[in-house]
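Here is how the chains run, residue by residue.
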Amino acid sequence: MFRKLYLVLSLLVAVSMLLAACGGGATATTAPEQPAATEAPAEAPTAVPATEAPAEPAATLVMWVDATKAPVFKQVADEFLAKYNVKVDIQVTDFGQIRDKFQTAAPTGNGPDIIIVPHDQAGVLVANGLVAPLDLGDKKASFLQPALDAFTIDGKLYGMPYAVENVALFYNKDLVTDLPKTWEDLMAAGKKLQDDGKATYCLGFGSPDYHLYSLYTSFGGYIFGKDAQGNYNPQDVGLDNEGFIKAVQFLDDNVKNGCLSSTIDGNTALKLFTDGKEPFFITGPWDLDAIKTAKVPYGMSTFPSNGAPFSGVQGFMLNAKSQNLLLAQSFLTEYIATDDVMSQLQTGGNRPSAYKPVFDKISDPDLLAFGQAGANSQPMPAIPAMGAVWANWGTAITLVFQGKQAPDAALQDAAKKIRDVIANPLTGMVNVPGSYQNQAGCGDGDAGNWKPDCAATAMQKSDDGKSYVSGPFKLKAGDYEVKVALDGTWTTNYGVDGKAGGDNIKFSLTADGEVSFSYDPETHILTVTIK
Amino acid sequence: MTANNPVPQPKKQAENPFSVLLRLFFLLVFDLGSGWFIVQAVQSGYLQLAAVVGVVFLLVNLVLLLPQAYAYRWMVTGLSFLVLFTIYPMLFTIYIAFTNYGDGHLLTQQQALAVIEKETYLPKTGKSYKWTAFKAADNSYALWLIDPDGNTYLGKVGSALVPAKPGDPGIGQADSNGIPTSIDGFTRLNPILAATDKELPNIKFGEAGKTIQIRSPSEAAELKPRYAYDPAANTLTDQENGEVYNDVNGTYTSRTSGKAIVPGYRAVIGFQNFVNFVQSPALRGPLVQILVWNFVFPTLSVLSTFSLGLAIALMFNDKDFPLKKVFRTLLLIPYTIPSVITVLIWRGMMNPDLGIINHLTKTWFGFSPPWFSEPIWAQAGVLLVNLWLGYPYFMLITSGALQSIPADLYEAAKIDGANSWQAFRNITLPLLLVAVGPLLIASYVYNFNNFGLIYLFINGGPPIVGATTQAGHTDILISYVYNLAFASGGRGVQYGLASAISIIVFFIVGTITLVQFRFTNMWEEVSKNV
Amino acid sequence: MSKLASTYQNLRSSQRFMNRVSLVIKLVIAVILVVFSVFPVLWIFSAALDPTSQLGSQSLIPPQAGFQNFEKLFNDPLLPFWKWVWNSIKVSGITTILSISITTMAAFAFSRLRFAGRITMLKAILLIQVFPNLLALVAIYLMIEQTGHIIPWLGLETHAGLILVYLGGSMGINIWLMKGFLDTIPRAIDEAAMLDGATNWQIFTQLLLPLLRPILVVVGILAFIGTYGDFVLARILLSKAENYTLMVGLALFTNNQFAQNWGPFSAGALIGALPVMIIYLALQDQIAGGLTVGAVKE
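Residues numbered from 1 in each chain as written. Chains lettered and ligands numbered in written order. Predicted model: local features only at pLDDT ≥ 70, side-chain atom pairs only at ≥ 80, totals over all residues. Heavy atoms only, no water.

*Asks:* Run through the overall build of chain C, naming residues and quoting values.
*Replies:* A count of helices and strands for chain C gives 15 helices and zero strands. For chain C, with 298 residues in total, the buried portion stands at 61%. Contacts spanning at least 24 positions in sequence make up 68% of the contacts within chain C whose residues lie at least 6 apart. When the accessible area of chain C is evaluated, it comes to approximately 11,200 Å², of which 66% is carbon and sulfur surface. (Helix = DSSP H or I, 4+ residues; strand = E, 2+ residues; numbered from the N terminus. Buried < 20%, exposed > 50% of the residue type's maximum accessible area, 1.4 Å probe, protein only. Contact = heavy atoms within 4.5 Å. Areas by Shrake-Rupley, 256 points an atom, 1.4 Å probe, with all protein chains shown as cover.)

Spelled out as structure tokens, the structure:
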């Protein structure tokens, strides 16, 4: 009997292996390698009737889209297939994972041809060499400039934007009749409703950082200042400026008097708003469907006191390893970037289009309101230091709300930590990188040379404090070249005659000997002394 | 231990000839299959894959051929999978700890160079055009080109561009964009249909030396590759201005301007990641406080989940318990639903202002526990949620393991006058620990690195006031350092650093595990006395 | 409990009464425990019935309760929910059967045979669990991707490839559990059989395997739940919606940048929990086996 049991078990194993082989056997089908249809269809695409489309598409593009956007893209893809006999395979991918998964798949050549990402991920994808630049040609003028800027990295465009998103101020029309002009008015109106038992809180929001950015800006706070060209300047952190501290003080006062909740989150705030227990709610397009479904009488408005929210841009990017780069670009510029498709994407996505002809004609009141609330918006900074900003900003607010720290102390702590992360740890280093460094303890062979961050050759201040000196280094006979580099990087460097970015400074040793350097920070001239 | 407790080995029986044959037949099939696979892998250039499968090949052959390795025949399948999918990835992680793998250095050198070599530039004398493709019956192409000044040309492969105008002989009339609707012998292609031919961007139009390639739907130009790679010196030279870029730790950097070419590649950088960790602000943060909690949290988690799980298993071990199947199934529920959602549900229920738990405690005791702001309550909250998540595991395991305890032992104890507690203390628990002991360690280790719960439930909070780094009262080592290596470090994702850190963590936890292992040896001894 | 023991000598009727009392106490405890385990899950029901897809925790019955989320889940052509459930059951089922065989045979060797490297191997199995295998995903992805170029039915997008990867975990901590169980089965049983000339294989399959039934079921359920609940490995190897397992599919509804689509997720999670609960309900009797030395010797 046991033997039988064992037989059954082994049979099961065998069958299951077969099952696995067959069931999973759907091999990853690559795009059918059919060269462009032998009889090239005529120019007018409509001349190819959809019903007579051949069974095999002429080419296949793969595109990763998250679940909320997938239905509208599926529709667009179906129409594209009917028109051009080119298949766009929409693969639904979990939003939070698109970037990680793409970074795993793309280097092997397996990734999709097109991905959709928010602009703040674009910089990393470019730095990793995974996305290809893209040329919109004449269509470039049809996109909103800030949206294009968001996808422009080092002067090159890497993405085709299609939607912009920002939060807006939602209000419950049953509770609110007069829109508040200032944040003080808003809290006062909310407080009154709360005292009457009509509201749980004055204002709902997802988190006290991203969602309330408009409040901080009203008080004069900012995250990063801007340089002359209008780019964010990471050296200018505004998290602890006077306005920011005032704003946090204002928030804290309202937490203390019960007007705001210190532990609210997006779920709770949405629930309270749709239950009619929250007069004001700051949120973005992602909650619009839920609010509509709940049938709460809502209105939308710009922010009080001219507050400016963050904005994000969503766009298409191309896989640098795609075999179909030209086709993918043509699909984007010739098909997606048209009034019809762009307005379809706008309607399906709840977000104002980044495509001017469509953006200018928005009639949907909700989209219009989002557009107005975002008219003065600031693009979300897309620099790596934002990781440190989010973490420390949130912490500071939490500590204030919990009464552990005063607003100024908490924000100064946070700003200091962010500045520490941004600051170059080698700031202040003066070095003499060159072809001698491998003899001075900077490493072996060529890899040990020309290292501006090598501690072994860093210069020290001379005793009189007027110059920097290093050495003596014992060097073998030969020809050498050096430069002066500051802060452990090549960003600031000096060559012959103290010229910034100038030619290499050369010196030779006829026999083995000792070399020391001296650098004058005033004239940037390097003196080489050979013994 | 085998000396004083000899285990009888089967008498040297001659192995059944049928089973020898079966074994050798299996080995033959396996060797043929894996040998073929290794050859294929080498031919495709997948050397690492070939090496790993090669190790498995050797392993299987040794085990099946050497009589000394008899015992390993019982686990050779498992070992092969272990080597393939656990050991090899571990070695990979260790290797990465010595590289700068991470944002900016994600590709291998070969892949990065392939990307860099695709970069092109338009030489000063070069021209760029707008293009329209025409295709002949023999699949050759002609391009209608318009330069920025509005001059139009016809371009074919191998011959110079010919100035042409719509209406010229053989060329049809212009459409509204000034492009001829037809060219004799060719069919005009819509840009999308033209682009379906993957080869089109590689075709060089025009005379040699001044060839034009399609670069985008709107541009064809006389492009030249921007960088030339010199494999001997491992340098790249910019063809436009002659600037030379040298390899500095995986980034091609110019010695004159300091400019770097994007992307960099994954380079071996020795112990740099370990040095960086030692010098990082992470160690200046509240590391001791975090370590203490990192030991308290898994200890209490294991104790609480094991006790509750065991209590439930004991309770339902009673044959006469009514509806016990239904009860047990309901008690398994926490284990069957993804914790992504249940942890957030708990978060909501414990909301100090609105949550149902705090509502009830306020009504009953007039006190609302500050789960998210007071360190001690936050830690209690994490433990409570982990108890809910974890007890079904031990309920399952102990209810299985309890069956191994022979009922006669209890009979004997009863006759000796032992009460229930004594029976539990002296029989149930020690025997149970034989089987379950190692799982307690495993559970401890799992919770030691239980990043998911800490992150989802409270993200390490509440924050520690005045800490020099981003740290919270429920942060464990892994959530704390990963936060520094990934999120708040400000340099993007640094896998190399993170791997180095995880190896350091491995040494800490591994030592603890081995120390605890001595107890499992004890447990094994216990079983000998049965 | 100790009280119970002290009444051991008392009259049978009194004992029956005490049994009643203890049963009632036990029932009360059981009910409290069930409330503890089930209460949070009620909110998931609530979210599943809430058409606005919110995860609230203030009121159990959503204002416009309905089955819209279930309809959304069942009727979306882009997200083939039932296919996911089937994929999950298939992958987890096959993985479970294969990994139980691997685990059990290895555990037999560790428990009954003495060989060089035994203790080292056991320690290594435990230590491997400790290693935070941070970049395993990248390494495994590369392996499966390359394998797929040689053997297409084991590559990316195949369930066979996924199962292989899952089997990598079968030499895991469950070997310890199984070995511990085996260690408690007296050796006298095998010794007797061995004297009768039985081979190890016969002892394993005919004597021990039937006795292992309770723990086989437990390890099986553990392996099944472990595979069924995984989405980290599956989502990196599978990219097409029709190949997804349930957990990978459900993850599509969470993880949006600012808001999650909790309605369909909750509905899916509840349905997804059913197979595991049904299996447990069905196999429970097997766990409560009961092993006595006497029974073995019969």
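*Asks:* Describe in detail the overall build of chain A, supporting the description with residues and values.
*Replies:* The helix and strand inventory of chain A stands at 16 helices and 24 strands. Evaluated residue by residue, chain A yields a buried proportion of 54% over its 531 residues. Look at the contacts in chain A between residues 6 or more apart in sequence, and 70% of them connect residues 24 or more apart. Accessible area of chain A: about 22,000 Å², with a carbon and sulfur share of 53%.

*Asks:* An account of the packing of helix 12 (residues 407–415) of chain B against helix 13 (residues 420–448) of chain B is needed here, citing residue identities and associated values.
*Replies:* Residues and elements named next belong to chain B. At a minimum axis separation of 10 Å, helix 12 and helix 13 run at an interaxial angle of 160°. Classified by the angle their axes make, helix 12 and helix 13 are roughly antiparallel. Regarding helix 12 and helix 13, the two cross each other, and that crossing is right-handed. Where helix 12 approaches helix 13, its residues L409, Y410 and A413 are matched on the opposing element by A423, I427, T428 and L431. Class assignment for the residues of the contact of helix 12 with helix 13 results in six nonpolar, one polar and no charged. (Axes fitted to C-alpha atoms, helices over the stretch in contact; angles between N-to-C directions. Parallel < 35°, antiparallel > 145°, perpendicular 65-115°, else oblique. Left-handed = near helix turned anticlockwise from the far one by under 90°. Nonpolar A, V, L, I, M, F, W, Y, C, P; charged D, E, K, R; others polar.)

*Asks:* Outline the pairing of strand 3 (residues 114–118) of chain A, listing residues and values.
*Replies:* Remark: a regular strand shows side chains that alternate across the two faces of the sheet. All names here are of chain A. Along strand 3, five of the five residues are buried, which leaves the element largely enclosed by surrounding structure. Covered by surrounding structure in strand 3 are I114, I116 and P118 together with I115 and V117, the residues of both alternating faces. Sheet topology places strand 1 (residues 59–65) next to strand 3; two bridges connect them, and they run parallel. The residue bridging W64 from the neighbouring strand is I115, located in strand 3. (Pairing = 2+ DSSP bridges.)

*Asks:* Lay out the interface of chain C and chain B in plain terms, naming residues and giving numbers.
*Replies:* The partner chain B presents 115 residues to the 110 residues of chain C that form the contact. Both faces combined, the contact of chain C with chain B buries some 10,400 Å², and carbon together with sulfur accounts for 78% of it. Taken together, chain C and chain B are joined by 11 residue pairs in polar contact (both at pLDDT 80 or more). Counted by class, the side of chain C that touches chain B contains 79 nonpolar, 21 polar and 10 charged residues. (Buried area = accessible area lost by both parts, 1.4 Å probe. Polar contact = N/O pair within 3.5 Å; in protein donor to acceptor, adjacent residues only side chain to side chain.)

*Asks:* Let's hear about the sheet that holds strand 20 (residues 484–486) of chain A: which residues, and what values?
*Replies:* Sheet strands line up and pair through hydrogen bonds in the backbone, either parallel or antiparallel. Residues and elements named next belong to chain A. One open sheet accounts for three strands, arranged 16-20-21; its pairing is antiparallel. Because the sheet does not close on itself, it has two edges, and the strands there are strand 16 (430–431) and strand 21 (492–494). As judged from the three bridges shared by strand 20 and strand 21, these two strands associate in the antiparallel manner. By the bridge assignment for strand 21, A485 is matched with N493.

*Asks:* Go over helix 6 (residues 136–150) of chain C, please, and point to the residues and values.
*Replies:* Residue and element names in this part refer to chain C. Helix length check: helix 6 (15 residues) gives 21 Å between terminal C-alpha atoms against 21 Å at 1.5 Å per residue, within 8%. The buried fraction of helix 6 is high, at 12 of 15 residues. Listed as buried for helix 6 are A136, V138, A139, I140, Y141, M143, I144, E145, Q146, T147, G148 and I150. (Expected span 1.5 Å × (residues − 1).)

*Asks:* Quick rundown of the state of the cysteines? Include the residues and the values.
*Replies:* Residues and elements named next belong to chain A. Per the counting criterion, the structure on display carries one disulfide over all chains. Across a sulfur-sulfur distance of 1.8 Å, C202 and C259 are joined as a disulfide pair. Looking down the S-S bond of the C202 and C259 bridge, the torsion is -110°, so its handedness is left-handed. Linking C202 in the loop between helix 6 (183–195) and strand 9 (203–205) with C259 in the loop between helix 8 (242–256) and helix 9 (266–274), this pair joins segments that are 57 residues apart in sequence. (Disulfide = S-S within 2.5 Å.)

*Asks:* Tell me what's going on with the sheet that holds strand 18 (residues 468–475) of chain A, and back it up with residues and numbers.
*Replies:* Residue and element names in this part refer to chain A. With respect to topology, four strands assemble into an open sheet ordered 17-18-23-24, the strand pairing being antiparallel. Edge positions in the open sheet fall to strand 17 (460–461) and strand 24 (526–530), since each of these has one partner strand only. Bridge count for strand 23 (residues 513–519) against strand 24 is five bridges, and the pairing is antiparallel. By the bridge assignment, Y519 is partnered in strand 24 with L526.

*Asks:* Describe empty space enclosed by the protein, listing the residues and the values that go with them.
*Replies:* For the structure on display, the rule yields nine cavities of 30 Å³ or more. Put simply, the second largest cavity is a space of about 70 Å³. As for the second largest cavity, its lining consists of N392, T395, A396, L399, Q405, A410, D413, A414 and K417 of chain A together with I464, V465 and G466 of chain B. If you list the elements that add at least two residues to the lining of the second largest cavity, you get helix 15 (386–401) and helix 16 (407–422) of chain A. (1 Å grid on protein atoms, 1.4 Å probe; cavity = no way out; pocket = protein on both sides within 12 Å on 5 of 7 lines; lining within 4 Å. Points joined across faces, edges and corners; volume = space filled by probe spheres on them.)

*Asks:* Lay out the packing of aromatic side chains in plain terms, naming residues and giving numbers.
*Replies:* All names here are of chain A. According to the stated counting rule, one finds 76 aromatic pairs over all chains in the structure shown. Each ring, one from F170 and one from Y298, has its centre 6.0 Å from the other, and the planes form 35°; the classification is tilted. With F170 in strand 8 (residues 168–172) and Y298 in strand 13 (residues 298–301), this residue pair connects regions lying 128 residues apart in the sequence. Across the pair, Y298 and F170 agree in class, each one buried. (Phe/Tyr/Trp six-rings, centres within 6.5 Å; stacked < 30°, edge-to-face > 60°.)

*Asks:* Before we move on, could you go through the side chain of T132 of chain B and cite the residues and values that matter?
*Replies:* Inspection of the secondary structure assignment puts T132 of chain B in strand 2 (residues 128–136). Excluding anything up to four places from it in sequence, T132 of chain B contacts A142, L143, W144, I179, R188 and L189 of chain B.

*Asks:* Describe in detail the environment of R23 of chain B, supporting the description with residues and values.
*Replies:* Residues and elements named next belong to chain B. Along the chain, the position of R23 falls in helix 1 (residues 17–44). On the accessibility criterion, R23 (17% relative accessible area) is buried. Residues R23 and V248, 225 residues apart in the sequence, show an inter-C-alpha distance of 54 Å.

*Asks:* Got a sec to walk through the packing of helix 5 (residues 118–130) of chain C against helix 8 (residues 174–184) of chain C? Specific residues and values, please.
*Replies:* Residues and elements named next belong to chain C. Packing of helix 5 against helix 8 brings their axes to within 9 Å, and their N-to-C directions diverge by 135°. Classified by the angle their axes make, helix 5 and helix 8 are oblique. Contacts from R118, L122, I125 and L126 in helix 5 reach I175, W176 and K179 in helix 8. Tallied by class, residues from the contact of helix 5 with helix 8 come to five nonpolar, no polar and two charged.

*Asks:* Explain the environment of I397 of chain A residue by residue, including any values.
*Replies:* Residues and elements named next belong to chain A. Among the structural elements, I397 can be located in helix 15. By relative accessible area, I397 is classed as buried at 1%. Put simply, I397 and G488 are 91 residues apart on the chain and 35 Å apart in space, counted from C-alpha to C-alpha. Not counting chain neighbours up to four residues away, the residues in contact with I397 comprise P208, Y216 and V248.

*Asks:* Report on the pattern of salt bridges, specifying residues and quantitative values.
*Replies:* As enumerated under the stated definition, the model contains 21 salt bridges over all chains in all. Notably, a salt bridge pairs R235 of chain C with D94 of chain A, separated by 3.0 Å at the nearest N-O pair. Linking R235 of chain C in helix 12 (residues 232–237) with D94 of chain A in the loop between strand 2 (86–92) and helix 3 (98–105), this pair reaches from one chain into another. Overall, the relative accessible area of 4% leaves D94 of chain A in the buried class. The salt bridge involving D103 of chain B is made with R99 of chain A; its shortest N-O contact spans 3.7 Å. Of this pair, D103 of chain B sits in the loop between helix 3 (76–97) and helix 4 (109–117) while R99 of chain A sits in helix 3, each in a different chain. Residue D103 of chain B shares its accessibility class with R99 of chain A, and that shared class is buried. Ionic contacts of the salt-bridge type, sharing partners, join the residues R226, D238 and E240 of chain B into one network. (Salt bridge = Lys/Arg side-chain N within 4 Å of Asp/Glu carboxyl O.)

*Asks:* Can you lay out a nonpolar patch on the surface for me, pointing to particular residues and giving the numbers?
*Replies:* On the surface, a nonpolar cluster with roughly 430 Å² of combined accessible area is contributed by V288, V292, V296, L300 and L303 of chain B. Structurally, L303 of chain B is set in helix 7 (residues 287–315). (Patch = residues over 30% accessible without salt bridge, like charges linked within 9 Å, V, L, I, M, F, W, Y side chains within 5 Å.)

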